[in-house]
Structures are given as C-alpha cells and as structure tokens.
Amino acid sequence: MRINILKCWDRGQLADMIYLKDNGKISKRRVKVLIVGEHTFKAYCFLRNTKRTFKINNVLAFVPVIKKEREVI
C-alpha cells in the first residue's frame, strides 16, 4: 500500500481511499498526499477540508484519481 501512496505523492495525484478509523468505522475519502513517513502519511482530506495524518496500516484501498479530458468536437 505504501508504494501506491508514494506514487500518488510523487505524481501529485489525488486518490480515493478506503480507511479504517481507530474506532473501527470505515470511511471513503478523497485525499492529496503531502508527506509520507514510515508508518503514517499526511494528506489534505477533501471530506474534512483539512490536513490529516493517516496510518498506512489502516488504509484498506488506495486508488489514484485519473482525470480523462473529453474531446471537443
């Protein structure tokens, strides 16, 4: 999972993430990774509209958001 997080950070991509909170609840968030540490990473969370720290081990899924531009005819 850490490799996917590092790739998004390196490319400046947004990502959709499924995250397991410490209280056992699961949430879906859109994030922009700011800093990656060994066990945690800091990201801007669009759900909460603030910077948050996430535990890498609590990330259940991490998928980059791919924007496709539509062709104008």
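Look a little higher up for the structure.
Here the structure is a predicted model, which means the values were calculated and not measured.

A. Representation of the overall build of the protein within the structure. When helices and strands are tallied, the protein shows 1 helix and 5 strands. If one aligns the C-alpha atoms of the protein with their principal axes, the spans along those axes are about 50 × 25 × 20 Å. Counting every position in the protein, which comprises 73 residues, the buried fraction comes to 27%. Carbon together with sulfur atoms contributes 51% to the accessible area of the protein, which is approximately 5600 Å² in total. A distance of 8 Å separates the average location of the 17 positive side-chain charges in the protein from that of its 6 negative side-chain charges.

B. Seen up close, the state of the cysteines. Under the definition given, this model contains 0 disulfides. Residue C8 stays outside any disulfide, its sulfur separated by 15 Å from that of C45, the closest cysteine. When its relative accessible area of 0% is taken as the criterion, C45 is described as buried.

C. Looking closely at the side chain of S27. Looking at the secondary structure, you find S27 in strand β2 (residues 26–36). For S27, the side chain forms a polar contact with the side chain of R29, separated by 3.0 Å. Apart from residues lying up to four places away in sequence, S27 is in contact with M17, I18, Y19 and K21.

D. Just the packing of aromatic side chains, in detail. Overall, the coordinates contain 4 aromatic pairs when judged by the stated rule. Summarising the aromatic geometry, the rings of F41 and F62 are spaced 6.1 Å apart at their centres and angled 85° between planes, so their arrangement reads as edge-to-face. Here the residue F41 occupies a position in strand β3 (residues 40–45), and F62 occupies one in strand β5 (residues 59–64), the gap between them amounting to 21 residues. Each member of the pair, F41 as well as F62, carries the same accessibility label: buried. An aromatic cluster is defined as three or more aromatic residues linked by ring pairs; in this entry it consists of Y19, F41, F54 and F62.

About the cut-offs
Residue numbers here run from 1 along each chain, matching the order of that chain's written sequence. The predicted origin of the model limits local features to residues at a pLDDT of at least 70 and limits the giving and counting of side-chain atom pairs to 80 or more, whereas totals for whole chains, interfaces and linings rest on all residues. Computation of side-chain values covers all heavy atoms of the structure but excludes hydrogens and water. In this description a helix means any DSSP run of H or I spanning at least four residues, a strand means any run of E spanning at least two, and both kinds are numbered starting from the N terminus. Partly exposed describes any residue whose relative accessible area lies between the buried limit of under 20% and the exposed limit of over 50%, with all areas from a 1.4 Å probe on protein chains only and scaled to the type maximum. Reported accessibility uses the Shrake-Rupley method at a 1.4 Å probe radius. Residues are deemed covered only where the shown protein chains occlude them. Counting rule applied: Lys, Arg positive; Asp, Glu negative; His and chain ends not counted. By convention, the charge on Lys lies at NZ, on Arg at CZ, on Asp at CG and on Glu at CD. Note on terminology: disulfide denotes any pair of cysteine sulfur atoms within 2.5 Å. Any N or O atom pair separated by 3.5 Å or less is treated as a polar contact, with the protein-specific requirement of one donor-capable and one acceptor-capable atom, and with residues adjacent in sequence counted only for side-chain atom pairs. Only heavy atoms matter for contacts: two residues are in contact if any of them lie within 4.5 Å across the pair. Put simply, two rings from Phe, Tyr or Trp (the six-membered ring, in Trp's case) pair if the centres are within 6.5 Å, and we call them stacked under 30 degrees between planes, edge-to-face over 60, tilted for the rest.

That's the geometry; what it means functionally is another story.
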